[in-house]
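# What the coordinates show
Okay, here's what each chain looks like letter by letter:
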Amino acid sequence: MIAARAAAMGARRAAAVTTQRRSAQTVPRFGTEEQMKAEALEQLKARIAAQKEISKQVHHDEAAEIAEMWKWVKISFIVAFPVCVLSSMKDVFFGEHHHEDEGPKPDYMAIRSKAFPWECEDCALFDPSCWKKCRAEQA
């Protein structure tokens, strides 16, 4: 059994060595300059012929492509627009809005190396409750 596997592996390796691998870009073999140019031209002609054959198989006229485009535009509006509207309505009516907890913050949340440059040095710029307290204390 081991000998059969080894023979099969050897046969696969031999087949792999003899089989030429194709690549998207081939390089002409070394030879004279004329031979290399002729081989490069043959490769280009073969590649162009292959591309033309592929384009003939998949060719659609302009009207068919425009119809396909409008089909997907309609599908997008029929599916995507209602999904967006329904998801935004769900967020508005059923979504939990997280707000900051009321009350004093822990000390590690209010560390400042220097005071703010406005009249209430301890208040953040958009903290209306702190500003009311500060102005009440100043008055």
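Bear in mind that the values here come from a model prediction, so they are computed numbers and not experimental data.

Cut-off values and rules
Residues numbered from 1 in each chain as written. Predicted model: local features only at pLDDT ≥ 70, side-chain atom pairs only at ≥ 80, totals over all residues. Heavy atoms only, no water. Patch = residues over 30% accessible without salt bridge, like charges linked within 9 Å, V, L, I, M, F, W, Y side chains within 5 Å. Areas by Shrake-Rupley, 256 points an atom, 1.4 Å probe, with all protein chains shown as cover. Salt bridge = Lys/Arg side-chain N within 4 Å of Asp/Glu carboxyl O. Helix = DSSP H or I, 4+ residues; strand = E, 2+ residues; numbered from the N terminus. pLDDT = per-residue confidence, 0-100. Disulfide = S-S within 2.5 Å.

What follows is about a nonpolar patch on the surface. A surface patch of nonpolar side chains, about 930 Å² in accessible area, is lined by Phe-77, Phe-81, Val-85, Leu-86, Met-89, Val-92, Phe-93 and Phe-94. Relative to the helices and strands, Met-89 is located in helix α3 (residues 62-94).

Let's shift gears to the confidence of the model for the chain. Residue-level pLDDT values for the chain average 80, and 80% of them are 70 or greater. Confidence scores differ between elements of the chain, with helix α1 (residues 2-18) showing the lowest mean pLDDT of 61 and α3 the highest of 92.

Scanning the entire structure with this criterion turns up two disulfides. Two residues share a disulfide in this structure: Cys-120 and Cys-134, whose sulfurs sit 2.2 Å from each other. Its S-S torsion of approximately -100° makes the covalent link between Cys-120 and Cys-134 left-handed. Residue Cys-120 is located in the loop between α3 and α4 (128-138), and its partner Cys-134 is located in helix α4; the two are separated by 14 residues in the primary sequence.

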